[in-house]
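# Tertiary structure, described
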Amino acid sequence: MRTIVLCFFLTSQVCSGHKFPPWFKFGAATSSYQIEGAWNVSDKTQHIWDTYCHSSGNKCSNVNADEGANSYYQWRDDIQAAADLGLDYYRFSISWTRILPTGFPNKISDDGVRYYNDLINGLLEKGIEPVVTIYHWELPQSLQDLGGWTNELIRTWFADYARVLFSLFADRVKIWLTINEPLIMCAAAYSEHTAMAPGVRDPNYGAFLCAKNTIMAHAHAWRIYDELYKPKYHGKVSLASQIFWMEGINDEVQQLTELAFKLNVMYIYPIFSKRGGWPVEIEEIFVELSKKEGYSSSRLPPFTDEEREFVKGTYDYFGLNYYTSRLVRPTFDGEKTYWPFRGSPDLGAALVPDASWRVSDNVPWLYEYPKGLRHIMEWIKKEFGDIEIIITEVGYGDSGKEPDHKRIRYHKEHLEQVHLAIQEGIRVTGYIAWSLIDTFEWEAGYTVKFGLYKVDYNDPSKKRKLRASGLYYADVIKSRDFDIKHKYISDEL
Ligand code: BGC
């Protein structure tokens, strides 16, 4: 009782027991390509994932999201699923080519606009707040053909697209994410070792060009909203950064650990740090390395003073995606690693799991370290100040075995860390689980399940069925307590 009273009346960050304060929001997320299907319906044109999964020789060549969970037609089912959980937020993304078939604002698709209007209005009618991602990795193929994220002009192309979305939806959408995970979208898309569209195999250069253009594009979009829409609608804009927490394998590797972490979070510094630009140490390392390697300028393109000022401070909150953590150790002689998942060849750092961390049965990179989530939030506060944090993704993937005890445990243990963070005075205001329903898991296709709802892909009606984890999450939301007794919580995991 004391806990309830405390949580209810205190406007401060403090909340004791296991209860979340009344202002804390719960949500779930998806993204357009991963659930919509209807890949060639109406005037929608191809984007890089359509092209990639339709071409031979790629991991997703025999499986694609042409149909997916069919959310383009079954959006009402998704809204119902969100409402049945009692969600405060539903995070979804908009497909660029569904709204702008040419990639440019010279043609706006009526059908595309209708689809997203229906979805947004339907959510609002159920009291669910839409959290909209402008770009979740589906670049129009037309723009990829012009160089995509390595062409500086994309800063304007993206800004034009964002401007159209704000003009259409900002009256009802108050929480925006410009870009989902620059680190993953650039480093994994330009890597020899991963299988993400557009599948350009250039680990040394392309990822860094992409990085700078992504950050600049984000800043353009933020500034458009800030100048034209914020005064009227009072919404907020940020981007979603995926961070893995890192710890040294022993005390001797502290410096290397800090560098490896800084390299993976370098995208955050131009936007959130007081100085702006890439972290100084990282910038210096790449100047030196690039010189040694025979390049005429740094592989990591620096920001001019003007660009630095333009980007600095372009956020209204911190969007954090968290799944897993790693230990850092120096690479052994001749050991090959790759950035960003296994380490950094540029730094001579390898990323490895701790032997005590549990790993998912079906997602080889998903080692569980719930404390990592809190440590990242502590780091954000220490490094950048007392910023509002919304956890925009956190989730557990598996092979789909029922009941999904392990996903329950994962969310429970991560919610506990969020609760502790609130008690520490960290301004974290929301937890958005990945994912509401099962999604097309990029290069892993349909073999990996993250959903609080199962999607039956073999059934033509693509039925959404609540998983045990969904039941647990709904009970958490109802009781605002992560430590509920639940028949699906098993101690024997
Ligand atoms: C991405 C999602 C993806 C999830 C699980 C995140 O990095 O934003 O699209 O499904 O990870 O792999």
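In short, a report on the structure. Here the residue numbers are simple positions, counted from 1 along each chain's written sequence. Two thresholds apply to this predicted model, a pLDDT of at least 70 for residue-level local features and 80 or more for giving and counting side-chain atom pairs, whereas whole-chain, interface and lining totals are computed over all residues. Each side-chain value is worked out from all heavy atoms of the structure, with water and hydrogens disregarded.

### Structural notes on the overall build of the protein chain
- When helices and strands are tallied, the protein chain shows 17 helices and 14 strands.
- Throughout, radius of gyration means the C-alpha value; the globule benchmark is 2.2 Å times the number of residues raised to the power 0.38. Computed over its C-alpha atoms, the radius of gyration of the protein chain comes to 22 Å, within 12% of the 23 Å expected for a compact globule of 493 residues.
- Overall, the C-alpha framework of the protein chain stretches about 65 × 55 × 50 Å when taken along its three principal axes.
- Exposed residues in this analysis have more than 50% of their type's maximum accessible area, buried residues have under 20%, and partly exposed residues fall in between, with area computed by a 1.4 Å probe over protein chains only. Within the protein chain, the proportion of its 493 residues that are buried is 59%.
- In the protein chain, 74% of the contacts between residues at least 6 apart in sequence involve partners at least 24 apart. Numbering goes from the N terminus for both helices and strands, where a helix is a DSSP run of H or I of at least four residues and a strand is a run of E of at least two. Pairs of residues are marked as contacts when any of their non-hydrogen atoms sit within 4.5 Å.

### Quick word on the site of the ligand
- Near, as used in this document, describes a residue that has one of its heavy atoms within 4 Å of the molecule or strand being considered. In the region of the ligand, 13 residues are neighbours, and Q34, N180, E181, E441 and W442 sit closest.
- Between the ligand and Q34, the relevant distance is 2.8 Å, taken from an oxygen atom to a side-chain nitrogen or oxygen of the residue.
- Contact with the protein chains covers 95% of the free accessible surface of the ligand, which is 310 Å².
- Residue classes in the shell around the ligand are distributed as six nonpolar, four polar and three charged. Polar contact is the term for a pair of N or O atoms within 3.5 Å; when the atoms are in protein, one must be able to donate a hydrogen and the other to accept it, and sequence-neighboring residues count only if both atoms are side-chain atoms. All accessibility values rest on the Shrake-Rupley procedure with a 1.4 Å probe; residue burial counts only the protein chains present in the view. Side-chain classes follow a simple rule in which Ala, Val, Leu, Ile, Met, Phe, Trp, Tyr, Cys and Pro form the nonpolar group, Asp, Glu, Lys and Arg form the charged group, and the remainder, Gly included, forms the polar group.

### Side note on the pattern of salt bridges
- We define a salt bridge as a contact between a side-chain nitrogen of Lys or Arg and a carboxyl oxygen of Asp or Glu at a distance within 4 Å. With the rule as written, the count across this model stands at 34 salt bridges.
- A salt bridge links D50 to K44, with the shortest nitrogen-to-oxygen separation between them at 2.8 Å.
- A relative accessible area of 8% means that K44 is categorised as buried.
- Ionic pairing is found between K262 and E281, a salt bridge with its closest N-O pair at 2.7 Å.

### A closer look at the state of the cysteines
- The disulfide definition used here is simple: a pair of cysteine sulfur atoms within 2.5 Å. Applying the stated criterion across every chain yields a total of two disulfides.
- With its sulfur 2.2 Å from that of its partner, C53 forms a disulfide with C60. Judged by the sign of its S-S torsion, about -95°, the cystine formed by C53 and C60 is left-handed.
- Its relative accessible area of 0% is what places C53 among the buried residues.
- Judged by its relative accessible area of 1%, C60 is buried.

### What to know about the sheet that holds strand β3 (residues 129-135)
- One closed barrel accounts for eight strands, arranged β1-β2-β3-β4-β5-β7-β11-β12; its pairing is parallel. Each neighbouring strand pair of the sheet contributes to a mean axis angle of 25°, computed without reference to strand direction.
- The pairing of strand β11 (residues 389-394) with strand β12 (residues 428-434) spans four bridges and is parallel. Looking at the pairing, I390 lines up with G430 of β12. Note on pairing: two strands pair once DSSP finds at least 2 bridges between them. Whenever a helix is involved, its axis is fitted only over the stretch in contact; in every case the axis is a line through C-alpha atoms, and angles between N-to-C directions fall within 0 to 180 degrees.

### Some details on the packing of helix α8 (residues 154-169) against helix α10 (residues 206-233)
- Between α8 and α10, the shortest axis-to-axis distance is 8 Å and the interhelical angle comes to 35°. When you trace α8 past α10, the crossing you get is right-handed. On the side of α8, the interface is formed by I154, R155, F158, A159, A162, R163, F166 and S167, while α10 contributes K212, N213, M216, A217, H218, H220, A221, I224, Y225 and Y229.
- Split into classes, the residues belonging to the contact of α8 with α10 amount to eleven nonpolar, four polar and three charged. The crossing is said to be left-handed when, going from far helix to near helix, the turn is anticlockwise and less than a right angle, and right-handed when the turn is clockwise.

### A look at the nonpolar core
- We define a nonpolar core as any set of buried Ala, Val, Leu, Ile, Met, Phe, Trp, Tyr and Cys residues linked to one another through side-chain atoms lying within 4.5 Å. Ranked by size, the top nonpolar core spans 170 residues in total, and within it W49, W149 and W176 carry the most contacts.
- The residues touching W149, leaving out its near neighbours within four places in the chain, are Y135, L139, I154, F158, I179, M185, Y190, L209, C210, N213, T214 and A217.

### So, the packing of aromatic side chains
- The pairing test for Phe, Tyr and Trp rings, Trp by its six-membered ring, is centres within 6.5 Å, and the orientation test on the planes gives stacked under 30 degrees, edge-to-face over 60, and tilted for anything in between. Counted by the stated rule, this structure contains 47 aromatic pairs.
- Summarising the aromatic geometry, the rings of Y115 and Y116 are spaced 4.7 Å apart at their centres and angled 65° between planes, so their arrangement reads as edge-to-face.
- Judged by its relative accessible area of 3%, Y115 falls in the buried class.
- For the ring pair F166 and Y229, a centre distance of 5.8 Å and an interplane angle of 50° mean the geometry is tilted. One end of the pair, F166, is in helix α8; the other, Y229, is in helix α10, and 63 residues separate them in sequence. For the pair F166 and Y229, a shared accessibility class is recorded, and that class is buried.
- Three or more aromatic residues link up through ring pairs in this structure, and these residues are Y33, W49, Y52, W137, F440, W442, Y446 and Y457.
- Sitting over a ring, as applied to charges here, requires NZ of Lys or CZ of Arg to be within 6 Å of the ring centre and within 35 degrees of the ring normal. Above the face of the F303 ring, K212 is positioned so that its terminal group lies 5.3 Å from the ring centre.
- Across from the ring centre of F310, 5.0 Å away, lies the NZ or CZ of R223, which sits over that ring.

### Description of helix α16 (residues 405-423)
- Along its 19 residues, α16 runs 27 Å from first to last C-alpha, staying within 8% of the 27 Å computed at 1.5 Å per residue.
- R407, I408, R409, Y410, H411, H414, L415, Q417, V418, H419, A421 and I422 are the residues of α16 that are buried.
- Turning to α16, the residues buried within the fold contact β1 (25-29), β7 (318-322), α15 (370-384), β11, β12 and α17 (468-479).
- Downstream of α16 by one or two residues, G425 has phi in the positive range, about 95°. In a helix, the anticipated span is given by 1.5 Å times the number of residues less one.

Bear in mind that shape data such as this cannot, by itself, settle questions of function.
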